[in-house]
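# Chain and residue survey
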Amino acid sequence: MNAPGFTGNLPVIRAHYADILCQLAEDRGLQRSRLLSASGIRPSMLGHPDNFITVEQFSALCRETLVQSGDPALGLEFGKRLKFTTHGSLAQAAISCDTLEQALTVLIKYFQIRFVYMSLSFFVEEHEAVIQLDLAHSIEDLYRFNVDVVMASLMDVNLLLFGHRLLDGGRCLLDFPEPDDLSAYRQLFGSQIAFGSGVNQLRFKRVFLDSPMSLSNPVTRRIAEAQCQEEMRFIEGSTSVSDRVVRLLETGRSQRLPALEDVAEHLKMSARTLRRQLASEGVRFQQLQDSIRHRRALELLRRNELSIDEIADALGYSDPSNFGRAFRKWEGVSPSAWRREHQKL
């Protein structure tokens, strides 16, 4: 379960996440020792919250627990057990903010200190605020599990802080086929849930972004963010430059993509140095921008209420014909032809 530019053999997953999963497994009648043995994790590693395991070990544990339980919705239950206190400084920094919008900004900024192989983004579209989850790995047998874990954890924290208020006018979009049993999903996300959507998103009314956080505390937030920054420096020291650039490009999705100079400034290096480091990894900045525009274009084309011109503008193209040429290079057909073809599916 390796993210691009990231080594799955590095110990970056806090061991208490594995301990909580083992507790869930034991409640289901499974043997902890058998699960840990199959995952290559020493039992003593789970005894202290400051211990770390590798991404590969955690992936193996998730896979083994999923197989032995025989429950395809296990990720939802695991996610609900990840209370906000589980996430330590990340959760503390977020819930200490003044408003929900500030909390989401902090959550997005430091999300990867807890889920290094995933990316969370936040943006606004018309009257909706959107939280989007992207997985930076290609292990298909854990895709639904990982999406369920994060989405359920987010909803559980939401219910704790705001009750069912955000569900009013909200909806959930998931990028996997509709399960046979929807009861667990409807209980958690409400009735407005769609599967096979091409994206993993939680959407709620934009007006709720100004909702005050009941646990707001500027001193606590400052201390918690300092801890998050320290952990982020460790993570970034283990990731490639291109991976860090992609993460920066994925933030602030309601605006134009940042330019190379802006990204270089954020990374505290010159534009020339950034180009050179990307080149050493075999990529160009324009390639990274285009890959994100490509993915966003496919997402937006699935929304039939948006015209091709509106999509081109949202992607930063001043001339829709330029968008059309870029899209033909990506997909071999025009945007309108791609939309017609995928409406048939």
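On a predicted model such as this, the values are computed, not experimentally measured, just so you know. Sequence positions are assigned chain by chain, starting from 1 and proceeding in written order. The model is predicted, so local features are restricted to residues of pLDDT at least 70 and side-chain atom pairs to those at 80 or more, both for listing and for counting; the totals for chains, interfaces and linings are taken over all residues. As a convention, hydrogens and water are excluded, and side-chain values are obtained from all of the structure's heavy atoms.

### Notes on the confidence of the model for the chain
Formally: Residue-level confidence of the predictor is what pLDDT reports, using numbers from 0 through 100. Secondary structure elements follow DSSP: runs of H or I no shorter than four residues count as helices, runs of E no shorter than two count as strands, and numbering proceeds from the N terminus. The criterion used for residue contact is that any of the two residues' heavy atoms lie within 4.5 Å.
Of all residues in the chain, 92% attain a pLDDT of 70 or more, and the chain-wide mean is 86. Helix H1 (residues 15-27) holds the highest mean pLDDT among the elements of the chain, 96, whereas helix H10 (residues 241-249) holds the lowest, 79. Under a pLDDT of 50 for its full length, residues 1-7 has, in the predicted model, 25 contacts with residues more than four places off or in other chains.

### Side note on unusual backbone geometry
What counts here: Note on exposure labels: buried denotes an accessible area under 20% of the residue type's maximum, exposed denotes more than 50%, and partly exposed covers the range between, all computed with a 1.4 Å probe on protein chains only.
One non-glycine residue, Glu-126, adopts positive backbone phi at about 55°. When you line up the elements, Glu-126 lands in the loop between strand E3 (118-125) and strand E4 (128-135). You will see that Lys-268, though not glycine, has its phi angle at about 60°, which is positive. Here Lys-268 lies in the loop between helix H11 (260-266) and helix H12 (271-280). We classify Lys-268 as exposed; its relative accessible area is 77%.

### Examining the nonpolar core
Filter applied, for reference: Here, the term nonpolar core denotes a set of buried Ala, Val, Leu, Ile, Met, Phe, Trp, Tyr and Cys residues that are joined through side-chain atoms within 4.5 Å.
By size, the foremost hydrophobic cluster in this structure holds 84 residues, and its most contacted members are Phe-58, Phe-78, Leu-133, Leu-174, Phe-189 and Phe-204. In terms of residue count, helix H7 (residues 143-162) provides more of this core than any other element does, 11 residues in total. Excluding residues within four positions of it along the chain, Phe-58 makes contact with Ile-13, Tyr-17, Ala-18, Ile-53, Phe-78 and Tyr-117. Counting 16 residues, the second-largest nonpolar core is a separate cluster that includes Leu-249, Leu-260, Val-263 and Leu-288.

### Topic: the packing of aromatic side chains
Two numbers describe a pair of aromatic rings. These are the distance of the centres and the angle of the planes. So the rule is basically this: Stacked, edge-to-face and tilted are the three classes for Phe, Tyr and Trp ring pairs, Trp counted by its six-membered ring, which pair at centre distances within 6.5 Å; planes under 30 degrees apart are stacked, over 60 edge-to-face, the rest tilted. Definition used: whenever NZ (Lys) or CZ (Arg) falls within 6 Å of the ring centre and also within 35 degrees of the ring normal, the charge is taken to sit over that ring.
According to the stated counting rule, one finds 11 aromatic pairs in the structure shown. Between the aromatic rings of Phe-78 and Phe-145, the centroid separation amounts to 6.2 Å while the plane-to-plane angle is 20°, which identifies the pairing as stacked. One end of the pair, Phe-78, is in helix H4 (residues 74-81); the other, Phe-145, is in helix H7, with 67 residues separating them in the sequence. Like Phe-145, Phe-78 is buried. Centroid distance Phe-111 to Phe-115: 5.1 Å. Interplanar angle 25°. Geometry classified as stacked. Take Phe-111: its relative accessible area is 2%, and that puts it in the buried class. Here the aromatic cluster, defined as three or more aromatic residues joined through ring pairs, consists of Tyr-317, Phe-323, Phe-327, Trp-330 and Trp-338. The cationic tip of Arg-293 hangs over the ring face of Tyr-317; the distance from NZ or CZ to the ring centre is 5.5 Å.

### What to know about the packing of helix H6 (residues 100-110) against helix H9 (residues 218-236)
Packed helices, taken two at a time, are described by the angle between their axes plus the distance between the axes. Short version of the rule: For helices, the fitted axis covers only the stretch in contact; all axes are lines through C-alpha atoms, and the angles between them, taken along N-to-C directions, range from 0 to 180 degrees. Orientation categories follow fixed angle ranges, with anything under 35 degrees roughly parallel, anything over 145 roughly antiparallel, 65 to 115 roughly perpendicular, and all other angles oblique. When residue character is reported, Ala, Val, Leu, Ile, Met, Phe, Trp, Tyr, Cys and Pro are called nonpolar, Asp, Glu, Lys and Arg charged, and the others, Gly included, polar.
The N-to-C vectors of H6 and H9 enclose an angle of 20°; their axes lie 10 Å apart at closest approach. In this view, H6 runs roughly parallel relative to H9, as classed from their interaxial angle. Touching Gln-102, Val-106, Lys-109 and Tyr-110 of H6 are Arg-221, Glu-225, Cys-228, Gln-229 and Met-232, all from H9. Residue classes in the contact of H6 with H9 are distributed as 4 nonpolar, 2 polar and 3 charged.

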